[in-house]
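Breakdown of the fold
Residues per chain, in single letters:
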Amino acid sequence: MICLRDYIGGSAVRQCFRHPLDENKCVKVAKNKKDIPGLMREVRISQLVRPYLGDYIVHYEDELIETDKGPGLVCGLVRNESDGAVAPALAVYQENGGSIEDIETDLREILRRLIDHNLFFYDFNRGNFVVKENSLGRKSLVFIDLKGFHKNSYSGFLKMERYIAP
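For the structure given in this document, a descriptive report is provided here.

Rules and cut-offs
- Residues numbered from 1 in each chain as written.
- Predicted model: local features only at pLDDT ≥ 70, side-chain atom pairs only at ≥ 80, totals over all residues.
- Heavy atoms only, no water.
- Core = buried A, V, L, I, M, F, W, Y, C linked by side-chain atoms within 4.5 Å.
- Buried < 20%, exposed > 50% of the residue type's maximum accessible area, 1.4 Å probe, protein only.
- Helix = DSSP H or I, 4+ residues; strand = E, 2+ residues; numbered from the N terminus.
- Expected span 1.5 Å × (residues − 1).
- Arc of directions from axis to C-beta.
- Contact = heavy atoms within 4.5 Å.
- Polar contact = N/O pair within 3.5 Å; in protein donor to acceptor, adjacent residues only side chain to side chain.
- Bend = angle between axes of the 7 residues up to and from the residue.

All right, on to the nonpolar core then. If you look at the biggest cluster of nonpolar residues, it comprises 29 residues, and the most contacted ones within it are Val49, Leu53, Phe121 and Leu146. The element that contributes the greatest number of residues to this core is helix α1 (residues 36-53), accounting for 5 residues. Counting residues in each nonpolar core, the second largest holds 6 residues, with Ile2, Phe17, Val29 and Val74 among its members.

Moving on: helix α3 (residues 104-116). Compared with the 18 Å implied by 1.5 Å per residue over 13 residues, the 18 Å span of α3 between its first and last C-alpha is a close match. Looking only at α3, the buried set comprises Asp106, Ile110 and Leu114. In an axial view of α3, the angular spread of the buried residues amounts to 75 degrees, which keeps them on one side of the axis. Of the exposed residues in α3, those oriented more than 90 degrees away from the buried face are Thr105 and Arg108. Where the residues of α3 are buried, they touch α1, β6 (129-133) and β7 (139-143). A positive phi of about 55 degrees marks Asn118, the residue just after α3.

This part is about the side chain of Ser46. Structurally, Ser46 can be placed in helix α1. Polar contacts involving the side chain of Ser46 include one to the main-chain carbonyl oxygen of Val43, which spans 2.6 Å. Among all residues touching Ser46, those that are not within four sequence positions of it are Ile57, Tyr60 and Leu146.

Below, the discussion takes up α1. Look at α1: 25 Å from first C-alpha to last across 18 residues, which is about the 26 Å you get at 1.5 Å a residue. Within α1, the axis deviates most sharply at Gln47, by approximately 35 degrees, and proline Pro51 lies no more than four positions further along. Here α1 has its buried residues at Leu39, Glu42, Val43, Ile45, Ser46, Val49 and Leu53. Where α1 is buried, its residues contact β2 (14-18), β3 (25-30), β5 (70-76) and α3. Note on α1: the residue one or two positions beyond its end, Gly54, has a positive phi of about 50 degrees.

Structure below.
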């Protein structure tokens, strides 16, 4: 079992911590026990969509690990190559003056792949993307939250993705 101490972010249903044994990984844990099955579901989703989205998603380990906060999903922690800092969420990047033009090519490519392969994520928002900077200063976009893929029980008013492509 590993002890999680370094909180790096979260959402309504889970918390993310820096992996204590590997600075290039993070561990996602569910806030509520009822959401634990969603962690393994995200692992399976990553295996399904990796052939289509490639490096536009983080790498996920195949099994959950035991932590002091319950089962944890281990995935890559996206860092800037330029300075090693954790890549900011797209929302934070924009709020701090970052230009959408810096990542427009990646954004268009991700959207093209989603449409071409009829992939639908209901939780597609600026908090679920991070903006990574390489050693030459080029920005790229990485999608970090796959739990919202084609979830049949999601609470949207119209489940349009069942009838038309995104």
